[in-house]
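Summary of the model geometry
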Number of protein chains: 2
Amino acid sequence: MSTVLLIGTGAAGAVVTQKMAQLPNIFSRIHIANRSWEKCQRLAEQCKGAVTPHQVNADYDHEVVSLIEKTQAELVINMALPYQDLSIMRACIQTQTHYLDTANYEPKEEAKFSYSWQWDLDQAFKSAHCMALLGCGFDPGVTNAFCAYAKQHLFDEIETIDIVDCNDGAHEHPFATNFNPEIDIREITQRGRYYANGKWIETEPLSESKEIDFPQIGSRKAYLMYHEELESLVKHLPEIKRIRFWMTFSETYLNHLKVLQNVNMTSIEPIMYDGKEIVPLQFLKEVLPSPASLGQSYQGKTCIGCIIKGRQNGRDKQIVIYNICDHQNAFQELNAQAVSYTTGVPAMVGAKQVLTGAWMQHGTVNIEQLDPMPFLKDLANHGLPWHVEDQS
Amino acid sequence: MSTVLLIGTGAAGAVVTQKMAQLPNIFSRIHIANRSWEKCQRLAEQCKGAVTPHQVNADYDHEVVSLIEKTQAELVINMALPYQDLSIMRACIQTQTHYLDTANYEPKEEAKFSYSWQWDLDQAFKSAHCMALLGCGFDPGVTNAFCAYAKQHLFDEIETIDIVDCNDGAHEHPFATNFNPEIDIREITQRGRYYANGKWIETEPLSESKEIDFPQIGSRKAYLMYHEELESLVKHLPEIKRIRFWMTFSETYLNHLKVLQNVNMTSIEPIMYDGKEIVPLQFLKEVLPSPASLGQSYQGKTCIGCIIKGRQNGRDKQIVIYNICDHQNAFQELNAQAVSYTTGVPAMVGAKQVLTGAWMQHGTVNIEQLDPMPFLKDLANHGLPWHVEDQS
């Protein structure tokens, strides 16, 4: 019997909530909270009384502390904005509550992805005898578990990892982002970055691309980007020689993005409008379709995984370990599109590991530091089957 | 000795002001007013004491009335937003003051161009013994005078008119509009419309295009658009069989526009942002470069004119009557780009005709209803020479 508090009822948060509600033996009391009370209440109604809605502004530690105390949650699942990671983590430390999130902290005024701020709270979580499970979505999250699994079971020595992320789906809108547009565009428009031979190498935004053969999808053009799991994997798998992250984008998507950048609509520098400061990117978010609204018309599949090269039993080896998720299937099950589904399901499965004790380690912990087996096994049982293909 | 009040010190308003300041014998007292006091004061400083700045919100008749009474202006030159035409006209009627503008009234909540609202004030201007000179920029304005000139001097019978507008200049920005972005985009994104054989024909926005050979520039792709002078020319030259308006746009410009439309940033429907209604197009205006800022880097020329077909002395005839304006020349003279220059100079020249009595007719008057000669002669003397090429 466990009580959880989920903060952030956006598209992915709604997936986590609905998935938890399917497992009342594990998640016996589910509280959900959001800045917008209407949105939270709507989700609670959708879950037919299985969850209790609350209102919270997660920018403020004290509001989160009050809500944790009120709900007596054992674990907080943070599906709010990355800006809010630290306030929620501090509230967990203060109340001695376990913590889980899917995206690393980033300061609001700068598009900068780094675990450093969260790792700085490692000792505080240890002192509170609590676990902070960082980055437990698909990527980061499942991709990290894929790497840990490959290290344990498929290789004697890993040399290179390419994390590859393809959304081959199409929807009715000329342009929309698949998760929070503000976070999505910040991520895509930043400089590329990868790790090779002990050094980090920076590239111009979206300046490097290559054709990648995605299982069950085919060859697609993917762009080199920086993505947060690179940082933790380099730290925890120090033997790897190179690790990169690739994501596919259509020409149409990139054209829309380029134009929006050209006219400064993706800027996070506030401008004065009618006597008030407004961040163009935040305004853009309001005119774009919400990620949750895409599900209905979304057709096609996502393929996310890791292409790993190394050696086993004295021989060169290359494998790809991946999941395929179908947009329409996700919509039929949970009214969600595949990008929200693939983020939300691993968060639920990770929370399950914490609550059942399969995963328990005090301090801040990234997925690759834990035994991947119980997590990957549950993942396959809860909607995200995965496959290993030997390409040697 | 005449006193004028100019309202609206944007890019084109600044051209009118500086041009008037060059003619102290005609414009002996120049008052300028704007909603933003800083902008108005800056222009006054630029004109080194030749003009007196004021603050006004031209949305309100009574504010304009007070300012007219305070300045004792004989003529109000309206270079403000088209939404404000009617309030300024009503203030002129109330104070028995002549009026001049460069763009017809359009309601704020709908991109609709029509003289009807202004023509409805004809009798009121007549009763006030005043003239309201409508559409005295380049197009409408000079193009109307070109048509009147062609009718008087070049043809026995005009059959078709194509008004052609090419901006062949290039500046450093990936995307910017040449005048108020809000008004510009409203104009371009509306449905096309032209007149043929007694009927108005509507087309999808930018759906019809053709290559037009622009004198001194060459062949350029131009798009059929609705433009306000079509309405008045059809009324005052009822003999013409067809009249159309064509404007050039680069592929890059249209791509940017298409994307901004796709993401709803050109919409004039307000959305809720942070508890306040904001019109996306008005927000977009704030992130785009201001038209006045383009001058420095603008290279190239504009060519605007009329291709007219008809008969003279029993023979078929085709002429093009046009002006060429160079962006860099305009910048060197007035710190302006050619699109502001070609709008502002005709407004000054029109104001000169009103104040000297060369043009005086009570009621609402469009340019083609007046003798084109004094206007076109002055135009050539004040920076906008024009040419007639016989293409028969």
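What you are looking at is a predicted structure, and each value in this text was computed from that prediction instead of being measured.

Glancing now at the domain arrangement of chain A. Residues and elements named next belong to chain A. Its domain assignment divides chain A into domain 1 (3-138 + 343-374) and domain 2 (142-337 + 383-390). Counting from both sides, the interface comprises 35 residues of domain 1 and, opposite them, 34 residues of domain 2. Ranking the residues of domain 1 by area buried against domain 2 places Phe 113, Phe 138 and Glu 368 at the top, with a combined share of 30%. Taken together, the connections running from domain 1 to domain 2 amount to two salt bridges. In this structure, Lys 19 and Glu 333 form a salt bridge, with 2.6 Å as the shortest nitrogen-oxygen distance. The leading source of residues in the side of domain 1 that touches domain 2 is helix H1 (residues 11-21), at four residues. Considered class by class, the residues forming the side of domain 1 that touches domain 2 number 18 nonpolar, 10 polar and seven charged.

Here we take up the pattern of salt bridges. All names here are of chain B. For the structure shown, the criterion picks out 32 salt bridges over all chains. Put simply, Asp 61 and Arg 90 hold a salt bridge, and the shortest N to O gap is 2.7 Å. Of this pair, Asp 61 sits in helix H3 (residues 61-71) while Arg 90 sits in helix H4 (residues 85-95); the two residues are 29 residues apart in sequence, bridging distant segments of the chain. Under the relative-accessibility criterion, Arg 90 is labelled partly exposed at 39%. The shortest N-O distance in the salt bridge between Asp 162 and Arg 242 comes to 3.7 Å. Within this pair, whereas Asp 162 is found in strand S7 (residues 157-167), its partner Arg 242 is found in strand S12 (residues 242-248), the two being separated by 80 residues in sequence.

Right, let's get into unusual backbone geometry. The residue after Asp 139 of chain A, namely Pro 140 of chain A, is reached through a cis peptide bond having omega 5°. Here Pro 140 of chain A lies in the loop between strand S6 (131-134) and helix H7 (142-154). In this structure, Asp 274 of chain A is a non-glycine residue whose phi angle is positive, near 55°. By relative accessible area, which is 62% here, Asp 274 of chain A ends up exposed. If you check the backbone angles, Asn 335 of chain B has positive phi at about 55° while not being a glycine.

For the rest of this paragraph, the subject is the relation of the copies chain B and chain A. Aligned on chain A, chain B shows an RMSD of 0.0 Å; the corresponding rotation is 179° and the shift along the axis is 0.1 Å. In short, the pair behaves as if placed about a two-fold rotation axis. Among all residues of chain B, the one whose C-alpha sits closest to the rotation axis is Val 259 of chain B, at a distance of 3.4 Å. Of the interface residues in chain B, 100% have counterparts in chain A that sit at the interface too, so the contact is made through matching surfaces.

All names here are of chain A. Buried within helix H12 (residues 327-334) we find His 327, Gln 328, Ala 330, Phe 331 and Leu 334. Projected down its long axis, H12 shows its buried positions confined to an angular sector of 160°, all on one face. Where H12 begins, the capping side chain belongs to Asp 326, and its oxygen is found 2.9 Å from the backbone nitrogen of Gln 328. Taken from the residues just after H12, Asn 335 is the one with a positive phi, measuring 60°.

Moving on: the interface of chain B and chain A. In this complex, chain B contributes 24 residues to the contact, which on the side of chain A involves 24 residues. Between chain B and chain A the total buried area reaches about 2,200 Å² when both faces are included, carbon and sulfur atoms providing 71% of it. On the chain B side of the interface with chain A, the three residues burying the most area are Val 263, Tyr 273 and Phe 283 of chain B, jointly 29% of the side's total. Inspection of the region where chain B meets chain A yields two salt bridges. A salt bridge links Asp 274 of chain B to Lys 276 of chain A; the shortest N-O distance between them is 3.7 Å. Linking chain B with chain A are five residue pairs in polar contact (both at pLDDT 80 or more).

Our next topic: the packing of helix H12 (residues 327-334) of chain B against helix H13 (residues 338-356) of chain B. Residues and elements named next belong to chain B. Orientation of H12 relative to H13, taken along the N-to-C sense of each, is 65°, at an axis distance of 8 Å. By the angle between their directions, the pair H12 and H13 is classed as roughly perpendicular. H13 is crossed by H12, and the crossing has left-handed handedness. Residues His 327, Ala 330, Glu 333 and Leu 334 of H12 form the contact with H13, whose participating residues are Ala 338, Val 339 and Tyr 341. When the residues that make up the contact of H12 with H13 are grouped by side-chain class, the tally is five nonpolar, one polar and one charged.

Residues and elements named next belong to chain A. Counting across every chain of the model gives 27 aromatic pairs over all chains. Look at Trp 200 and Tyr 226: their rings are 6.0 Å apart centre to centre, the planes differ by 80°, and that puts the pair in the edge-to-face class. Note that Trp 200 is positioned in strand S9 (residues 199-203) and Tyr 226 in the loop between strand S11 (218-225) and helix H9 (229-236), a separation of 26 residues in sequence. Members of the aromatic cluster, joined through ring pairs, are Phe 138, Phe 146, Tyr 149 and Trp 386. The side chain of Arg 193 reaches across the aromatic face of Tyr 226, ending 5.1 Å from its centre.

All names here are of chain A. What you see with strand S4 (residues 75-78) is no split at all: Leu 75 and Ile 77 on one side and Val 76 and Asn 78 on the other are buried throughout. Direction of pairing for S4 relative to strand S5 (residues 98-101): parallel, over a ladder of four bridges. Its bridge partner being in S5, Leu 75 is matched across the sheet by His 98. The parallel pair S4 and S5 is bridged by helix H4 (residues 85-95), and the resulting crossover is right-handed.

Rules used throughout
- Residues numbered from 1 in each chain as written.
- Chains lettered and ligands numbered in written order.
- Predicted model: local features only at pLDDT ≥ 70, side-chain atom pairs only at ≥ 80, totals over all residues.
- Heavy atoms only, no water.
- Domains from an automatic or database assignment.
- Contact = heavy atoms within 4.5 Å.
- Buried area = accessible area lost by both parts, 1.4 Å probe.
- Salt bridge = Lys/Arg side-chain N within 4 Å of Asp/Glu carboxyl O.
- Helix = DSSP H or I, 4+ residues; strand = E, 2+ residues; numbered from the N terminus.
- Nonpolar A, V, L, I, M, F, W, Y, C, P; charged D, E, K, R; others polar.
- Buried < 20%, exposed > 50% of the residue type's maximum accessible area, 1.4 Å probe, protein only.
- Least-squares fit on C-alpha atoms with pLDDT ≥ 70 in both.
- Arc of directions from axis to C-beta.
- Polar contact = N/O pair within 3.5 Å; in protein donor to acceptor, adjacent residues only side chain to side chain.
- Axes fitted to C-alpha atoms, helices over the stretch in contact; angles between N-to-C directions.
- Parallel < 35°, antiparallel > 145°, perpendicular 65-115°, else oblique.
- Left-handed = near helix turned anticlockwise from the far one by under 90°.
- Phe/Tyr/Trp six-rings, centres within 6.5 Å; stacked < 30°, edge-to-face > 60°.
- Lys NZ or Arg CZ within 6 Å of the ring centre and 35° of its normal.
- Pairing = 2+ DSSP bridges.
- Right-handed = clockwise from strand over helix to strand, strands pointing away.

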